[in-house]
Structure formats: structure tokens, C-alpha cells
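# Summary of the model geometry
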Amino acid sequence: MKVGTYTKTDGAWTATINPCFVRFLGGYTGVSFNRSQTEYSVLDGESARGLVNLTVNNNTSGSSKSTLFDQIEFTRGKGAYKISNNGTVNYWSQFNHCRFIDNVVTTSDTTIKGSAIEVAKGMSWLCVENCEFRGNKACSDNATTIYAADKVSDYHAGLNLTHSLFVGNSAKTRPCVAQFGGSVNNNVTVKSCTFAYNAVATDADSAAAHGGLVLDEDDYNQQFDWNVSDTIFYGNRCNGKTGTDYRVEKGSNVKGHPKPQYLLFEKATAYVEEETTSAYADVDPNARHYIFGDPLFVTPLPAAVEFDANYNPTWYADSAKTVTVSPADMDVHLQSTKGRWNGSDWVIDANYSPAIDAGCPDYYKMSGEEKEKVAADKKAKGILKYLPS
């Protein structure tokens, strides 16, 4: 697809296919096979219709197939992407270098569960890499930004989120960023992501309503493995409350093998890892390397977020609520006194993020003993719970 904006006035781009490999590659400049490094092919729903609705039929034998989207921007869709897999063989939905911007599920869109992505049915896996999710709104009761599988007994699903940003997304009652459930052998990997300044309007469903990431599995499960690592959770809110960054809820039949480590949270109460089995006992808490505090993003933590009657959010930069900040302007690059690239130039910041080299610019040069001193100092100040390696 060439660089440009594509709209469709009579509804979503809808396709029913037999299992195959499908590729949608954006960013082409129109000169031979050259692709832009910075520009996208944009699918625009104009806040009036969905964008892509894919159904896979006769997927009952052979190896897994997939649909790949690369360098595509999904914007202003009433549900950006939805897949239904009518079969017993896994089907992958892959998104590389994509953006999901300002997609929405309104209060009347009660059948849509994902403002950005919805895995609606069947043996489906979702792989998201180097993608950006901003300003997506899920304003109905059961919707979220990414809805990856439902709580029914015939699901076999996986969720891989790597090197991706989830910033300024919102939901009415469900987890802001992800809802994941299923039946057998469900696997979740979240690595090198940032979940920041996302918000849920109400905590009516206290178990599921968290501002950041929620992995919620049910009693159908026999095995539920997750690996969440090298990820920042900061400034996510539920009903105005802090401490709602991350939640994992496991059912009574689970035989999972969790491996969370190297995570940054706003505070020690910002995460919940709820267990009903002893499966977590083999993970040494002292080896998880959790850091608590401000990651020092370029855009500081908004002072407040409020929702209107239709569950549309407004973020305020100041406590007086006179200055607003939009998701598009939330810069979650980490500050660095050694310099960082802002998209057009190198800039030097006054602060150095604790998420870089344990917050010490010369950390990588230090001996093991020196590193321990840096970590011990941060632990004494209450911003580091466990010593880093």
C-alpha cells in the first residue's frame, strides 16, 4: 500500500478467507519498491465505521497460517481490527510497526469488545511488535483496547506484546489495555513495553478494572503461562485511584509458570499477582528485580483525568485542571543526561531515568561492588525493592 489515507464509506474492509498467508505492507512511496522509514499507509474510519473485519473458515488441518500488517496506521475506527477463526488450527494476527490511534467503541457499540484489536473467536494468536497504541477509547461496558480471547472453553490463544507503547488509552469498566482469557495452554509474553497514563472510568468490576495491563484467566484453564519482563507500568488510573498498573488473576485449575522480572511500577501497591495455587512458589521474589518510582518520562505524570457522561477522558497537566494534555502529546521517552533522540535531533535532559542503567549514567562501567552500592542507595530511598543484577 502506498503512503496515504484510505477510507471506505460503506463499512469496514471485510473478508472471509480460507487459511493462508496474507500480507498487508504499508509505507510504499510509489517509486519502485521503496518504502518510507517514517510514513504510514493510513486506514481511517472517520469515527463512523470499523476498519478491518477478518473471518477465517475451514481452518481444520495443516500448519498455522497468519495475516501480517506492517507499517499500517489504524485510526478513528469503531473497532480497528477484528478476527474470527472458525477452525481448530491456530491462526496468527501479526502487527509490526503499526499504529492504533484514536479508535473508539462508543457507549452504543455493545457488540464491539476491542477499540484497537478484538480476537473474537477461535484458535487465534496475537503478535504485536514495535507498535503504538494512543488515545483509543472503549466506552461501553465490556470493551477494552485489546481484547484477546474470551472466557469460553474452546479457546486456545496466545498473546505476544513486545517493544510497544500503550499511552493515553481509556475504558469504561474493563482493563484499559488488555483482557486475556481462554481454555488450554494459553501463553502470554509482554517484553520491553511501556504502559503509561492509561485510565479506566469506574472500578465497578474491581478484579478486572485496572488502568494498565490485566491478564485474567478462568477456571477452564489447565495451563496459563506468562512472561512479563523489561516493562514500565506508570501513571495508569482506575476511577482516579493510583496503584492500578498491572494485574494477573489466576483460576483454581491453573498449572502456570509465571516469569515476571525487571519491571518498573509507580508504587509497591500498583500490581496484583493473585494466586490460588502454589505454582508461583518456584519463582524467587528477590530475583524479580522490581523498581518503584517515577521513570522520568519527558511528559510528567498528569495531575488528574476525568470522564464525561459518555466516558470520554480528559487529562489535566495541573491540579487546578486548567491545562489539558492529549494522548498525542504524551512523550514517554526516558530522560537522559547522556542524550536521547527526539525524532529530529539529539537533546540533553536535566535528569537521568532510573529505568536506564539503574538510574546511573556510568552504571555500565562499574564493578559489581559499585553497582551494589548504587542499588543499595536507591533501596534506602524506597525506590528500589530488589537489587538489580
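An account of the accompanying structure is given in this report. (Residues numbered from 1 in each chain as written. Predicted model: local features only at pLDDT ≥ 70, side-chain atom pairs only at ≥ 80, totals over all residues. Heavy atoms only, no water.)

### Description of the overall build of the protein chain
Within the protein chain, the secondary structure is distributed over one helix and 35 strands. Burial status across the protein chain gives 52% buried among its 389 residues. Summing over all exposed atoms, the protein chain offers an accessible surface of approximately 16,500 Å²; the carbon and sulfur share of this is 48%. (Helix = DSSP H or I, 4+ residues; strand = E, 2+ residues; numbered from the N terminus. Buried < 20%, exposed > 50% of the residue type's maximum accessible area, 1.4 Å probe, protein only. Areas by Shrake-Rupley, 256 points an atom, 1.4 Å probe, with all protein chains shown as cover.)

### A word on the environment of D294
As for its placement among the helices and strands, D294 is situated in the loop between β30 (290-292) and β31 (304-307). Between the C-alpha atoms of D294 and L264, which are 30 residues apart in sequence, the distance is 8.7 Å. Every residue in contact with D294, bar those within four places of it in the chain, is listed here: Y234 and P354. Engagement of the side chain of D294 in a polar contact is seen with the backbone nitrogen of L296, the distance being 2.7 Å. (Contact = heavy atoms within 4.5 Å. Polar contact = N/O pair within 3.5 Å; in protein donor to acceptor, adjacent residues only side chain to side chain.)

### Describing the layout of surface pockets
Space inside the second largest pocket adds up to approximately 330 Å³. Lining the second largest pocket are R134, L165, M330, D331, V332, H333, W341, N342 and G343. Tallied by class, residues from the lining of the second largest pocket come to four nonpolar, three polar and two charged. (1 Å grid on protein atoms, 1.4 Å probe; cavity = no way out; pocket = protein on both sides within 12 Å on 5 of 7 lines; lining within 4 Å. Points joined across faces, edges and corners; volume = space filled by probe spheres on them. Nonpolar A, V, L, I, M, F, W, Y, C, P; charged D, E, K, R; others polar.)

### Let's talk about the sheet that holds strand β26 (residues 237-238)
Taking strand neighbours across the sheet as the criterion, the five strands line up as β11-β15-β19-β23-β26 in an open arrangement whose pairing is parallel. Of all strands in the sheet, those bounded by a partner on one side alone are β11 (104-105) and β26. (Pairing = 2+ DSSP bridges.)

### Concerning the sheet that holds β31
The antiparallel open sheet is built from three strands, whose spatial order is β31-β32-β33. Each end of this open sheet is capped by a strand with a single partner; those strands are β31 and β33 (324-325).

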